[in-house]
Amino acid sequence: LCNEKDAIILAHYYTIGDIQDIADFVGDSLALARKAAETDAKVMVMCGVHFMAETCKLLSPDKTVLCPDLNAGCSLADSCKAEDLRKFKEEHPGYQVISYVNTTAAVKALTDVVVTSGNAEKVVDQLPEDVKLIFGPDYNLGNYINEVTGRKMLLWNGSCHVHERFSVKEILKLKERYPEAVVMAHLECKGPVLALSDVKGSTAAMLQYAQQSDKQQFIVATEAGILHELQRTCPDKEFIPVPPEISESGLECSCNECQYMKMNTLEKVYNALKTGQPAIEIDPEIAKDAVKPIERMLQMS
Ligand code: 13P
Ligand code: SF4
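Cut-offs applied
- Residues numbered from 1 in each chain as written.
- Chains lettered and ligands numbered in written order.
- Predicted model: local features only at pLDDT ≥ 70, side-chain atom pairs only at ≥ 80, totals over all residues.
- Heavy atoms only, no water.
- Near = heavy atom within 4 Å.
- Polar contact = N/O pair within 3.5 Å; in protein donor to acceptor, adjacent residues only side chain to side chain.
- Areas by Shrake-Rupley, 256 points an atom, 1.4 Å probe, with all protein chains shown as cover.
- 1 Å grid on protein atoms, 1.4 Å probe; cavity = no way out; pocket = protein on both sides within 12 Å on 5 of 7 lines; lining within 4 Å.
- Sits in = over half its atoms within 2 Å of the grid points.
- Nonpolar A, V, L, I, M, F, W, Y, C, P; charged D, E, K, R; others polar.
- Pairing = 2+ DSSP bridges.
- Helix = DSSP H or I, 4+ residues; strand = E, 2+ residues; numbered from the N terminus.
- Right-handed = clockwise from strand over helix to strand, strands pointing away.
- Axes fitted to C-alpha atoms, helices over the stretch in contact; angles between N-to-C directions.
- Contact = heavy atoms within 4.5 Å.
- Points joined across faces, edges and corners; volume = space filled by probe spheres on them.
- Patch = residues over 30% accessible without salt bridge, like charges linked within 9 Å, V, L, I, M, F, W, Y side chains within 5 Å.
- Salt bridge = Lys/Arg side-chain N within 4 Å of Asp/Glu carboxyl O.
- Lys, Arg positive; Asp, Glu negative; His and termini not counted.
- Charge placed at Lys NZ, Arg CZ, Asp CG, Glu CD.
- Buried < 20%, exposed > 50% of the residue type's maximum accessible area, 1.4 Å probe, protein only.
- Arc of directions from axis to C-beta.

Draft legend 1. Highlighting the site of ligand 1. Near ligand 1 you find H12, Y14, D28, S29, N102, S117, H163, H186, E188, S202 and T203, and these make up its full shell. One of the side-chain N or O atoms of H12 is found 2.6 Å from an oxygen atom in ligand 1. S29 is positioned such that a nitrogen or oxygen atom in its side chain is 2.5 Å from an oxygen atom of ligand 1. Surface burial for ligand 1 is 96%, taken as the share of its 300 Å² of free accessible area covered by protein chains. Applying the majority rule of atoms within 2 Å of the grid points places ligand 1 in the largest cavity. For the shell around ligand 1, the per-class residue count stands at one nonpolar, eight polar and two charged.

Draft legend 2. Examining the pairing of strand β12 (residues 238-241) more closely. Of the pairings in the sheet, the one linking strand β11 (residues 217-221) to β12 comprises four bridges and is parallel in character. Pairing of V220 across the sheet is with P241, part of β12. At this point the chain moves from β11, through helix α13 (residues 226-233), to the parallel β12, and the crossover so formed is right-handed.

Draft legend 3. A look at the sheet that holds strand β2 (residues 25-27). Ordered in space as β2-β1-β3-β4, the four strands form an open sheet in which the pairing is parallel. Bordering the open sheet on either side are β2 and β4 (64-66), each of which pairs with just one other strand. Averaged over neighbouring strand pairs, the angle between their axes works out to 20° when direction is ignored. Both strand β1 (residues 7-12) and strand β3 (residues 43-47) contribute to a ladder of five bridges, which runs parallel. The partner of L10 across the bridge, within β3, is M46. The strands touched by helix α4 (residues 50-59) within the sheet are β1, β3 and β4, with β3 carrying the most contacts at an inclination of about 155°.

Draft legend 4. Summary view of the sheet that holds strand β9 (residues 182-186). Spatially, the four strands line up as an open sheet ordered β10-β9-β11-β12, and their pairing is parallel. Pairing within the sheet leaves two strands with one partner each, and these edge strands are β10 (199-201) and β12. Averaged over neighbouring strand pairs, the angle between their axes works out to 25° when direction is ignored. Bridge analysis of β9 against β11 gives four bridges, and the strand direction is parallel. By the bridge assignment for β11, M184 is matched with V220. Here α13 sits on the sheet and contacts β9, β11 and β12; the angle it forms with β12, its principal contact strand, is near 170°.

Draft legend 5. Highlighting the site of ligand 2. Every residue close to ligand 2 is listed here: Y14, V49, C74, S75, L76, N102, C160, H161, H163, E188, C258 and M261. Comparing atom positions with the cavity grids shows ligand 2 to sit within the largest cavity. Split by residue class, the shell around ligand 2 holds seven nonpolar, four polar and one charged.

Draft legend 6. The arrangement of empty space enclosed by the protein in detail. On inspection of all chains with the given rule, the structure shows two cavities of 30 Å³ or more. Approximately 230 Å³ is the volume attributed to the largest cavity. Considering the residues around the largest cavity, the lining is formed by 26 residues, among which Y14, M52, N102, E188 and M261 are closest to the centre. Among the secondary structure elements, those contributing two or more residues to the lining of the largest cavity are α4 and α5 (75-78). Looking at the lining of the largest cavity residue by residue, the classes come out as twelve nonpolar, eleven polar and three charged.

Draft legend 7. Inspection of a negative patch on the surface at higher detail. Negative charge collects at one region of the surface, where E121, D125, E129 and D130 lie side by side. For E121, the position within the fold is in helix α8 (residues 120-125). With a relative accessible area of 34%, E121 lands in the partly exposed category.

Draft legend 8. Highlighting helix α3 (residues 29-38). Every buried residue of α3 is accounted for by S29, L30, L32, A33 and A36. An end-on view of α3 places all buried positions within 165° of arc, on one side of the element. On its buried face, α3 sits against β1, β2, β3, α4 and α15 (284-300).

Draft legend 9. View of the pattern of salt bridges. Summed over the entire model, instances satisfying the criterion amount to nine salt bridges. Taking the shortest distance from any N to any O, the salt bridge between K87 and E91 comes out at 3.8 Å. In this pair, K87 and E91 both sit in helix α6 (residues 82-91), four residues apart, roughly one turn of the helix. E91 gets classed as partly exposed once you look at its relative accessible area, which sits at 48%. Taken together, the shared-partner salt bridges in this structure form one network comprising E285, K288, D289 and K292.

Shown next as structure tokens:
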């Protein structure tokens, strides 16, 4: 079907292993955006979440971008509505807005520069020190960038429901059990988790570290889908996922899985390719402003 339709399949590391195995390209959100900007294919099937498919469409407006399930949202993107950001900007005149890529096109249209977890530090470092900055929506990522750059960006109070829940207590227990292990955490994790981690970064940064390291054991605090690529590329190494905090009911939930990413199934990918639906459409007025901060990010990184 891909050959017939001149299509490529892009997948994020958090999608199920079966999808990663059939994808033409698997990457973090930065690599996926870059791929979307440069591909010659007429059709892209973006197996990830809705904002990732929107980013592909913004960068390649003439192409068909298919999103196997339009309900694949993102709790972080949901935590920042465009009308709330517009109001916040009005309350803070003179500030520039840095938005994490996990945002809707409407929020990006109100943004000066987009960042991903893979380039946030590099982009912020390039902005003149006297420029006042609002960073949103991920509080944990913004807080970390403030720490490493010495900036005092105003932070939006949003978070990812998966990354918020990794348990500090469980990491301490795992460190005791695997004293030689390297602890790796995504920058969306909360401060105390990052403070306990040896490697802090995007999904791609964690993968690269594990692949190049001569260590054998890694404690991993990010969405469990990444274990597929970690294990595929490092078959002799051991990866230990960090469990989430136990819920108040005492029942362990599977919150270290993003249910939105897991909405992508092989069947939905097949149907999307076959029918050319669901395809992403973005209001041209929003798209015109939303693409600028993404292009700026790509230039700056
Ligand atoms: P990456 O930028 O590391 O791909 O992360 C995207 C994401 O949604 C993390 O929850
Ligand atoms: Fe959004 Fe969190 Fe899922 Fe990433 S893991 S797509 S931030 S809900």
